[in-house]
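These are the residues of each chain, in order.
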Amino acid sequence: MGSSRLLSALLVSTDPKGFKSAAKNPAWFAAMDEEVRALQNNRTILVPRPTNTNIMGSKWVFRTKYLPNGSIERLKVRLVAKGYTQIPGLDYTDTFSPVVKATTVQVVLSLVVTNKWPLHQLDVKNAFFNGTLTEKHSHTIYILLYVDDIIITSNNSALITRFTRELHSEFATKDLGPLSYFLGIKASPTSDGLFIGQLKYARDILTRAQLLNSKPVLMPMVISRHLSADGSLFSYPTLYRSLVGALQYLTITRPDIAHAINSVSQYLHAPTEDHFLAVKRIFCYVKGTIHFGLIFRPSSTPVALVTNSDADWSGCPDTRRSTSGYSIYLGDNLIS
């Protein structure tokens, strides 16, 4: 397939782009109605309009949520504020992003496996939180929040039940049970720990890149060959950036491709044909290692933090700068 057709295929999405297209579909319209009712029940949108204040608009966001086997779980609709219309220093001074970092998730998973804590998953039915939780607990509880997806764990199972009940009394939440699938990451208990992988996501991006049937390679990059800015420019830089961006999310559970993706990411502004071939090679490596992921096992030294680092010597042929890398372990488990 040519690069132009590949770009078109990569950018295709079955999710609606706006209200008009979604309103024509009864299923999406019902999901929007559910979102509005959740906002009304939480008294989020029924507030007096303040004077002398810059009022932000809102927009609909549509996402199809999938199960690990690829089947549709539900249609998810959120009404979100257009925060990008605000001016720093005029409309706000501080920012808060309710998005947990991947490293934080891996730290908590390491603690969970070592201490044999339960893991619970919740879904909040709208992105606007407006409530007060007053109960105080003497035990430890960790809450991992990614906009409206929540993971909860604690050293006390009864505490999780009480906290979930109180959360449901304040917000429209859905109990998804034990953690199994979170942000495209599948969590699978093993005989001695927990395995997390992105099999479905890897297969999806291979399919969108038209490389699902490609021939696998043993390494994500040619170690003895350094990428350079020299060479013929790639005709479709948008395609290049889209492919590299898709691969970056895969590094959450695939640290084995982190260095290769870092290398091709340095040329997003002006990729060459050689850079594009390097990206395709990473996809071919992913094809052959599609079942790879991270495993967390109980550790005899759960709070020991160990870091390994290394660097080449003036390895970049363009700038003569060195490239460094590191790995961080909490106990015996890789967290970053």
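Everything below is about the structure shown above.
Residues numbered from 1 in each chain as written. Predicted model: local features only at pLDDT ≥ 70, side-chain atom pairs only at ≥ 80, totals over all residues. Heavy atoms only, no water.

This part takes up empty space enclosed by the protein. Here the idea is plain: a probe the size of a water molecule rolls over the atoms and shows the empty space left. This structure, assessed with the given rule, holds one cavity of 30 Å³ or more. Roughly 30 Å³ of internal volume is contained in the largest cavity. Along its surface, the largest cavity is lined by Q198, L199, A202, L250, T253, R254, I290 and F292. Grouping the constituent residues of the lining of the largest cavity by class yields five nonpolar, two polar and one charged. (1 Å grid on protein atoms, 1.4 Å probe; cavity = no way out; pocket = protein on both sides within 12 Å on 5 of 7 lines; lining within 4 Å. Points joined across faces, edges and corners; volume = space filled by probe spheres on them. Nonpolar A, V, L, I, M, F, W, Y, C, P; charged D, E, K, R; others polar.)

Moving on, we get to the layout of surface pockets. Space inside the largest pocket adds up to approximately 1700 Å³. As for the largest pocket, its lining consists of 45 residues, and the residues nearest its centre are D15, F62, R63, T64 and K65. Counting residues per element, the lining of the largest pocket draws most heavily on strand β1 (residues 58-66), at eight residues. Residue classes in the lining of the largest pocket are distributed as 22 nonpolar, nine polar and 14 charged. Of the pockets and cavities examined, the second largest pocket occupies roughly 840 Å³. If you trace the second largest pocket, you find 26 residues lining it, with P255, A258, H259, Y326 and S336 closest to the centre. Breaking the lining of the second largest pocket down by element, the ones donating at least two residues are α4 (102-115), α8 (258-265), β11 (305-311) and β12 (324-330). (Helix = DSSP H or I, 4+ residues; strand = E, 2+ residues; numbered from the N terminus.)

Let us look at the packing of α8 against helix α9 (residues 273-288). Packing of α8 against α9 brings their axes to within 10 Å, and their N-to-C directions diverge by 160°. By the angle between their axes, α8 is roughly antiparallel relative to α9. Crossing of α8 against α9: the hand is left-handed. Listed contacts from α9 to A260, I261 and V264 of α8 are H275, A278, V279 and I282. Partitioned by chemical class, the residues of the contact of α8 with α9 number six nonpolar, one polar and no charged. (Axes fitted to C-alpha atoms, helices over the stretch in contact; angles between N-to-C directions. Parallel < 35°, antiparallel > 145°, perpendicular 65-115°, else oblique. Left-handed = near helix turned anticlockwise from the far one by under 90°. Contact = heavy atoms within 4.5 Å.)

For the rest of this paragraph, the subject is the sheet that holds strand β9 (residues 193-197). Read from one edge of the open sheet, four strands run β7-β8-β9-β10, paired in antiparallel fashion. One side of each edge strand has no neighbouring strand; the edge strands of this open sheet are β7 (181-182) and β10 (293-296). Bridge count between strand β8 (residues 185-190) and β9: five bridges; the pairing is antiparallel. Of the residues in β9, the one forming a bridge with K186 is G197. (Pairing = 2+ DSSP bridges.)

This part covers the pattern of salt bridges. A full pass over the atoms with the stated rule returns twelve salt bridges. Among the ionic pairs, R37 bridges to D33, the shortest N-O distance being 3.0 Å. On the criterion of helical spacing, the pair formed by R37 and D33 is a turn pair, its members being four residues apart in helix α3 (residues 26-41). Residue R37 is classed as partly exposed on the basis of its relative accessible area of 41%. Of the residues examined, D33 reaches a relative accessible area of 37% and is grouped as partly exposed. Among the salt bridges present, the one from R74 reaches E73, with a minimum N-O distance of 2.9 Å. Looking at R74, the relative accessible area reads 15%, which means it is buried. Overlapping salt bridges, with partners in common, bring together E35, K65, E73, R74, K76, R78, D123 and D149 in one network. (Salt bridge = Lys/Arg side-chain N within 4 Å of Asp/Glu carboxyl O. Buried < 20%, exposed > 50% of the residue type's maximum accessible area, 1.4 Å probe, protein only.)

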